[in-house]
Amino acid sequence: HRRFDYRPKTDPYCQARYTFCPTGSAIPVMKEDDVIEVYRLQAPVWEFKYGDLLGHLKIIHDAVGFKSSLTGKNYTMEWYELFQLGNCTFPHLRPGMDAPFWCNQGAACFYEGIDDAHWKENGTLVLVTTISGTMFNEMAKWVKYDNETGIYYETWTVQASPDKQSIVWFDAYECSKFILRTYQKLADLGAVFKKIQTNYTSIILFSGEPIYLGNETSIFGPQGNKTLAAAVRDFYYPFKPHWTVGEFFVDLLKIIDRVILNHQFYLFYNLEYWFLPMKFPYLKIIYEEVPLPIGSKTSFGV
């Protein structure tokens, strides 16, 4: 997943149904001798609206919590879409614009408090390590860098097959990947993690070797490939929001026809388009173990 030099301003066209990070605050500077508990937080996606519904499908959102021993204050940190999941996964086809229009930025959100009920009721709230204030402050600097350079949400992991040793063509870039990066940073700073099982959600597409198609300019620009441009727009059209059940089922049949019967998928990744020659089992949601990390430095002695 590509790093960028800066985060671009979002277009006013991109609107969120739910405000991104409504109570967000700056990450505080902790006293060096503070002892800070680090918590693993998990809950079903959209738990606040649908309860455990998506939990049954193992579609889980990840976050990390902190508790300062000196102040007694709790904090939550997570990374998610600025304009909800649908906008990050599929583009808008805007009238008068040839190229699909993406609202696919993601970012870190930090705020005071841990909503115990939200994380505990249908999910997880468990202590994973303890760190010093010094380590927390170093992590905060890294979060700023990570947030300014890793700016686009990517829903899909793309693999050659379901085998554990399968080639991964494209890696997802979403909430769980941010938490894994944060844990690894803490481990590198000297955090020693508890030996507990930790699982994460991945939404995987299965494809033969991807074919590079080009970027927005080379496909949709004045000198672009009009046939390819039409094929990409045509592919994304059935994924638009639906106002009636009838419309949804008509477009669902089109999606099944393209992806499963004709083995076609167009992926937008790092501002470039790729063709995926899809293959069985086409799509799978997995909830698999990724162990907590082991650091590369000696502990600060917490």
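Conventions we followed
The numbering scheme is per chain: residues are counted from 1 as the chain's sequence reads. Only residues with pLDDT of 70 or above have their local features reported here, since the model is predicted, and side-chain atom pairs are shown and tallied only from 80 upward, although totals for entire chains, interfaces and linings are computed over all residues. Based on all heavy atoms of the structure, the side-chain values leave hydrogens and waters out of the count. Basic side-chain nitrogens of Lys or Arg form a salt bridge, by our definition, when they fall within 4 Å of a carboxyl oxygen of Asp or Glu. Here a helix means four or more residues in a row that DSSP labels H or I, a strand means two or more in a row labelled E, and each is numbered from the N terminus. Throughout this description, buried means an accessible area under 20% of the type-specific maximum (1.4 Å probe, protein chains only), exposed means over 50%, and partly exposed covers the range between. Working convention for charge: Lys and Arg count positive, Asp and Glu count negative, and His plus the chain ends are omitted. Side-chain atoms alone can form a polar contact between residues adjacent in sequence; in general such a contact is a pair of N or O atoms within 3.5 Å, and within protein one must be able to donate a hydrogen while the other accepts it. Put plainly, a pocket is an open set of points on a 1 Å grid over the protein atoms alone with protein on both sides within 12 Å along at least five of seven lines, a cavity is a set where a 1.4 Å probe fits but cannot get out, and a lining residue has an atom within 4 Å of a point. Grid points are joined across faces, edges and corners, and a volume is the space filled by probe spheres set on the points. One bridge is not enough; two strands pair if DSSP finds at least two bridges between them. In this analysis, the expected span of each helix is defined as 1.5 Å times one less than the number of residues it contains. Taking the helix axis as origin, the arc is that swept by the directions to the C-beta atoms. Working rule for contacts: check all heavy atoms of both residues, and any pair within 4.5 Å makes them a contact. With axes taken as lines fitted to C-alpha atoms, and helix axes fitted only over the stretch in contact, angles between N-to-C directions fall between 0 and 180 degrees. Note on residue classes: Ala, Val, Leu, Ile, Met, Phe, Trp, Tyr, Cys and Pro are nonpolar, Asp, Glu, Lys and Arg are charged, and everything else, Gly too, is polar.

Q: If you had to explain the pattern of salt bridges to someone new, which residues and values would you point to?
A: One pass over the full model with this rule turns up nine salt bridges. Measuring nitrogen to oxygen at the nearest pair gives 3.7 Å for the salt bridge that ties Glu-288 to Lys-164. With Glu-288 in strand 11 (residues 272-289) and Lys-164 in the loop between strand 6 (156-159) and strand 7 (168-170), the pair connects residues that are 124 residues apart, well separated along the chain. Note that Lys-240 and Asp-251 form a salt bridge whose closest N and O atoms lie 2.7 Å from each other. Of this pair, Lys-240 sits in the loop between helix 7 (226-236) and helix 8 (245-261) while Asp-251 sits in helix 8, and the two are 11 residues apart along the sequence. According to the relative accessible area criterion, Lys-240 is partly exposed, its value standing at 25%. Connected through salt bridges with shared partners, the residues Arg-3, Asp-146 and Arg-181 form a single ionic network.

Q: Provide a residue-level description of the side chain of Glu-78, including the pertinent values.
A: Relative to the helices and strands, Glu-78 resides in strand 3 (residues 74-81). The side chain of Glu-78 sits in the buried core without any salt bridge; Arg-40 is the nearest counter-charge, 13 Å away. Of the polar contacts made by the side chain of Glu-78, one reaches the side chain of His-61; its length is 2.5 Å.

Q: Describe the layout of surface pockets, naming the residues involved and giving the relevant values.
A: Looking at the largest pocket, its volume works out to about 1600 Å³. For the largest pocket, the lining is made up of 40 residues, of which Leu-85, Gly-86, Thr-89, Phe-90 and Phe-239 are closest to its centre. If you list the elements that add at least two residues to the lining of the largest pocket, you get helix 2 (84-89), strand 8 (199-207), helix 8 and strand 11.

Q: Describe the pairing of strand 10 (residues 264-269), with residues and values.
A: Counting buried positions over the six residues of strand 10 gives five, a clear majority of the element. Of the pairings in the sheet, the one linking strand 10 to strand 11 comprises six bridges and is antiparallel in character. Paired with Leu-267 across the two strands is Trp-274, which belongs to strand 11. With antiparallel pairing between neighbouring strands as the criterion, strand 10 and strand 11 make up a hairpin whose turn holds two residues, including Asn-270 at a positive phi of roughly 55 degrees.

Q: I'd like a description of helix 8, backed by residues and values.
A: In this model helix 8 runs 23 Å from its N-terminal to its C-terminal C-alpha over 17 residues, within 8% of the 24 Å that 1.5 Å per residue would give. Taken as a whole, helix 8 has its buried residues at Asp-251, Ile-255, Arg-258 and Val-259. Projected down its long axis, helix 8 shows its buried positions confined to an angular sector of 80 degrees, all on one face. Exposed positions of helix 8 whose direction lies more than 90 degrees from the buried face are Val-245, Leu-253 and Leu-261. Structurally, helix 8 contributes buried residues whose contacts are with helix 7, strand 10 and strand 11. After helix 8 finishes, the residue His-263 shows a positive phi value of roughly 55 degrees.

Q: I'd like to hear about the sheet that holds strand 1 (residues 35-44), residue by residue, with values.
A: Reading across from one edge, 4-3-2-1-5 is the order of the five strands in this open sheet, with antiparallel pairing throughout. With one partner strand each, in any of the chains shown, strand 4 (106-112) and strand 5 (124-132) form the two edges of the open sheet. Strand after strand, the sheet turns through a mean of 25 degrees between neighbouring axes, direction not considered. Two strands pair when backbone bridges link them, and strand 2 (residues 60-68) and strand 3 are joined in this way by five bridges, in the antiparallel orientation. By the bridge assignment for strand 3, Ala-63 is matched with Glu-78. Set on the sheet, helix 4 (residues 133-149) makes contact with strand 1, strand 2, strand 3, strand 4 and strand 5; between it and strand 5 the angle comes to about 110 degrees. Of the strands in this sheet, strand 1, strand 2, strand 3, strand 4 and strand 5 are in contact with helix 5 (residues 175-189), which crosses strand 2 at around 35 degrees.

Q: Pulling in residues and values, what's your account of empty space enclosed by the protein?
A: With the rule as written, the count across this model stands at two cavities of 30 Å³ or more. Its boundaries defined by the atoms lining it, the largest cavity holds a volume of some 70 Å³. As for the largest cavity, its lining consists of His-1, Asn-104, Tyr-152, Tyr-153, Glu-154, Phe-268, Tyr-269, Asn-270 and Leu-271. Of the residues belonging to the lining of the largest cavity, the class tally is five nonpolar, three polar and one charged. Of the pockets and cavities examined, the second largest cavity occupies roughly 60 Å³. Lining the second largest cavity, in full, are Cys-88, Thr-89, Trp-102, Asn-104, Tyr-153, Glu-154, Trp-156, Tyr-236, Phe-265, Tyr-266, Leu-267 and Phe-268. At the level of elements, helix 2 and strand 10 are the ones that each hand at least two residues to the lining of the second largest cavity. Counting residues per element, the lining of the second largest cavity draws most heavily on strand 10, at four residues.

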